[in-house]
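Summary of structural features
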Amino acid sequence: MLLIHCPYCNETLPEVEFAYASEAHIARPANPSETTDAEWAEFLFMRSNVKGPLYERWRHVHGCGRFFNAVRDTVTDKFLTTYKAGEPRPALSTLTGDQK
């Protein structure tokens, strides 16, 4: 069972309390009416699908109901950190110990 920390409730709870809400930090097109079909499809469907740490968006559906961001390693399923929506994303080097 995955345990996820809600940064708003300050509780670490089972995954069933939460809902995955896609990759985090995806910027909506500034002017959607001027966006081509190809650009719109890129925004809606294309994600990075990395092997390793990935910035994700989650929602605490059975708790406070708020959205928050997380960094989860897609290989191990381990959550490296969670942080409130609107906060800057943490550098991966500070979470993984990489000095790249």
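Everything here concerns the structure above.
Report follows, based on the coordinates. All residue numbers here refer to positions counted from 1 along the written sequence of the relevant chain. Local features are withheld for residues below a pLDDT of 70 in this predicted model, meaning they are given only at 70 or higher, and side-chain atom pairs are given and counted only at 80 or more; totals for whole chains, interfaces and linings count all residues. Side-chain measures here rest on the full set of heavy atoms in the structure, leaving out hydrogens and waters.

1. Details of the environment of Cys9
For the purposes of this entry, the term helix denotes a DSSP run of H or I that reaches at least four residues, the term strand denotes a run of E that reaches at least two, and both are numbered from the N terminus. Position of Cys9 among the secondary structure elements: in the loop between strand 1 (3-6) and strand 2 (11-14). Working definition: with a 1.4 Å probe on protein chains only, accessible area under 20% of the residue-type maximum means buried, over 50% means exposed, and in between means partly exposed. Judged by its relative accessible area of 30%, Cys9 is partly exposed. The sequence separation of Cys9 and Leu54 amounts to 45 residues, and the corresponding C-alpha distance is 23 Å. Ignoring any residue separated from it by four or fewer positions in sequence, one finds Cys9 in contact with His60 and Cys64. The contact criterion used throughout is that any non-hydrogen atoms of two residues lie within 4.5 Å.

2. Quick look at the pattern of salt bridges
Salt bridges are defined as contacts in which a side-chain nitrogen from Lys or Arg sits within 4 Å of a carboxyl oxygen from Asp or Glu. Scanning the model with the defined rule gives two salt bridges in all. Between Glu56 and Arg72 there is a salt bridge, with the nearest N and O atoms lying 2.6 Å from each other. Of this pair, Glu56 sits in strand 4 (residues 53-59) while Arg72 sits in strand 5 (residues 67-73), and the two are 16 residues apart along the sequence. Each member of the pair Glu56 and Arg72 is classed as buried.

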